[in-house]
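Results of the structural survey
Here is what each chain is made of, one letter per residue.
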Amino acid sequence: MAHWTPELLSPAGSLEKLKVSVLYGADAVYLGGQKFGLRQASDNFTYEELSEGVEFAHSRGSKVYVVLNSFLHDKDLEELPEFLGLLEELKVDAVIVSDLGVISTIQKHSHLVIHLSTQASCLNIESAKLWQKMGAQRIVLGREVTIKEAAKIKMATGLEIEMFVHGSMCMSYSGNCVISNYTQGRDSNRGGCAHSCRFEYSIDFKLESNESKKAYFMSSKDLEGIRMLPEFIEARIDSLKVEGRNKSHHYAGTISKVYSDALSFYKANGNFLSSDMLSWEEELRKVSHRDYTTGSLDQYAGADSIYNDREQDDNEFVVSGIVLEATVGQHLLVDVKSAFHPGDILEVMPFRGATQKLDVAFLQSLSGVALLKSKPGSIVKIPYIAGAEKFNIIRKRAQHA
Ligand code: SF4
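Model, not experiment: these values are computed from the prediction.

1. Thoughts on the overall build of the chain
Each helix and strand in the chain was counted, giving 11 helices and 19 strands. In terms of overall dimensions, the chain is globule-like: its C-alpha atoms have a radius of gyration of 22 Å, near the 21 Å expected for 401 residues. Along the longest, intermediate and shortest principal axes, the C-alpha atoms of the chain span 65 × 65 × 45 Å. Counted over contacts in the chain with a minimum sequence separation of 6, partners at least 24 positions apart contribute 64%.

2. Section: the sheet that holds strand β19 (residues 393–397)
Strands belonging to one sheet form pairs held by backbone hydrogen bonds; the direction of such a pair is parallel or antiparallel. In space, the seven strands of this open sheet follow the order β16-β15-β19-β13-β14-β18-β17, with antiparallel pairing throughout. Whereas interior strands pair on both sides, the edge strands pair on one side only; in this sheet they are β16 (356–359) and β17 (364–365). Relative to β16, strand β15 (residues 345–349) runs antiparallel, the two sharing four bridges. Bridge pairing in β16 places V348 opposite Q356.

3. Overview of the environment of I237
By the element assignment, I237 lies in the loop between α9 (229–234) and β11 (239–242). Linking I237 and G225, residues 12 residues apart in sequence, is a C-alpha distance of 13 Å. Not counting residues up to four positions away in its chain, the partners in contact with I237 are P6, I147, A150, I161, M163 and F232.

4. Digging into helix α4 (residues 80–90)
Restricting attention to buried positions, one finds in α4 the residues L80, L84 and L87. Considered in projection along α4, the buried side chains sweep an arc of 60° and stay on one side of the axis. Exposed and facing more than 90 degrees away from the buried side of α4 are E82, G85 and E89. Where the residues of α4 are buried, they touch β3 (63–68), α3 (74–77), β4 (94–97) and α5 (100–109).

5. Some remarks on unusual backbone geometry
You will see that K91, though not glycine, has its phi angle at about 60°, which is positive. Looking at where K91 falls in the secondary structure, it is placed in the loop between α4 and β4. A positive phi angle, near 50°, is found at S121, a position not held by glycine. Mapping S121 onto the fold places it in the loop between β5 (114–116) and α6 (125–133).

6. Regarding the packing of helix α1 (residues 15–23) against helix α2 (residues 47–59)
The N-to-C vectors of α1 and α2 enclose an angle of 10°; their axes lie 10 Å apart at closest approach. If you check the angle between α1 and α2, you find them roughly parallel. Residues L15, L18, K19 and V22 of α1 pack against E49, E52, G53, F56 and A57 of α2. Classifying every residue of the contact of α1 with α2 by side-chain character gives five nonpolar, one polar and three charged.

7. Structural notes on the domain arrangement of the chain
Considered domain by domain, the chain is made up of domain 1 (7–177 + 219–300) and domain 2 (317–397). Facing 10 residues of domain 1, the contacting portion of domain 2 comprises seven residues. For the side of domain 1 that touches domain 2, the elements supplying multiple residues, two or more each, are α1 and α10 (249–269). With four residues, α10 is the largest single contributor of residues to the side of domain 1 that touches domain 2. A class-by-class count of the residues in the side of domain 1 that touches domain 2 yields three nonpolar, four polar and three charged.

8. What to know about the environment of K286
Along the chain, K286 turns up in the loop between α11 (274–284) and β12 (292–293). Looking at K286, the number of C-beta atoms within 10 Å reads 20, which means it is buried. Along the primary structure K286 and I255 are separated by 31 residues, whereas in three dimensions their C-alpha atoms are 9.8 Å apart. Leave out the neighbours within four places in its chain, and K286 touches T254, E316 and F317.

9. A look at the pairing of strand β1 (residues 7–11)
Within β1, four of the five residues are buried, which leaves it mostly tucked inside the rest of the structure. Examined bridge by bridge, β1 and β11 share three bridges and lie parallel to one another. Bridge pairing links L8 to L240 in β11. Across three bridges, the pairing between β1 and strand β2 (residues 28–32) is parallel. By the bridge assignment, P11 is partnered in β2 with Y30. For the segment spanning β1, α1 and β2, crossover handedness is right-handed.

What counts, and where the lines are drawn
Residues numbered from 1 in each chain as written. Predicted model: local features only at pLDDT ≥ 70, side-chain atom pairs only at ≥ 80, totals over all residues. Helix = DSSP H or I, 4+ residues; strand = E, 2+ residues; numbered from the N terminus. Rg over C-alpha atoms; globule rule 2.2 N^0.38 Å. Contact = placed C-beta atoms within 7 Å. Pairing = 2+ DSSP bridges. Buried ≥ 20, exposed ≤ 12 C-beta atoms within 10 Å, placed from the backbone. Arc of directions from axis to C-beta. Axes fitted to C-alpha atoms, helices over the stretch in contact; angles between N-to-C directions. Parallel < 35°, antiparallel > 145°, perpendicular 65-115°, else oblique. Nonpolar A, V, L, I, M, F, W, Y, C, P; charged D, E, K, R; others polar. Domains from an automatic or database assignment. Right-handed = clockwise from strand over helix to strand, strands pointing away.

This is the structure we're talking about:
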């Protein structure tokens, strides 16, 4: 008997990352067009990319949600109906919205399914009921809500409920923040957040010594909800969202794979094994992250959720390349992302199951010339390893100074 599991919703910061997320197990992806979303830094999708992305995801049974969660001025709203027409034409599965003016425009000009964005900071039953009346079919709850509270909101409204399960956190009520506007001149509620909460600040505490204290008072640890999966399932939370449209292919692939493996295991067995939980946690530590916290999933986040350190590159692994072609028993053709050498031990991440070690016993150019080092941007041949497929990520342990 298959057991019920929530949808796994992964970020798609670009067309390539959409493919990576889908192939590594995302049931749905979310992405932004060229306008109206909150990630100006992502490689937002052109119409052609959106069309290819929707076709790619739908052909593999995954859904596509488009973010329209900026807070818009009247002038911006004028351009929205044309974009909505394109989204309907492409048959996207829903749009993610926070501004009432945008919701009203969507209802006037389309039949698109509306998901309320976390930016609207919906935290309670009465608020959820009102948004439901306004046309929201799903609520992406604010990160400040516990799973228990979310279960009550779902029971009381019958709405689809989406919650964040993994990724960076925002110290304000899900984006209702203007620190970035004042410190950097970048509007966080219109896609320009400069992550000013991650900076080092000093506060004059009027200490006896008269010294002010410098620290990272407002930087949050990252959310990791893998151990909370039983609670999410028991509460029947419909969708688990992974934050990170601006993050790397490695992040999109690894996080999608780990949570997808865990949910597939539960679907087949109706439980989680603690030994598997440990190995999934180990995998989650291989991508760039701050210290992890469960945020407010269990109880409201407190002082122990502050990340007191300077931002640093702590990648345990770096992506060496992406498999372009696997010729069984002979070689892999690899699109090189970072340099590696003959004799290196790499890791291949299959779409399902455990990662595999790959010994670079030979390294050749496309024409078969032996190489001493792979060059980023080039295509090389390395030994075949059983189970490797097109689009698999190949990575290598990072060597930090
Ligand atoms: S600066 Fe920090 S708290 Fe403010 S919106 Fe950006 S991530 Fe959130």
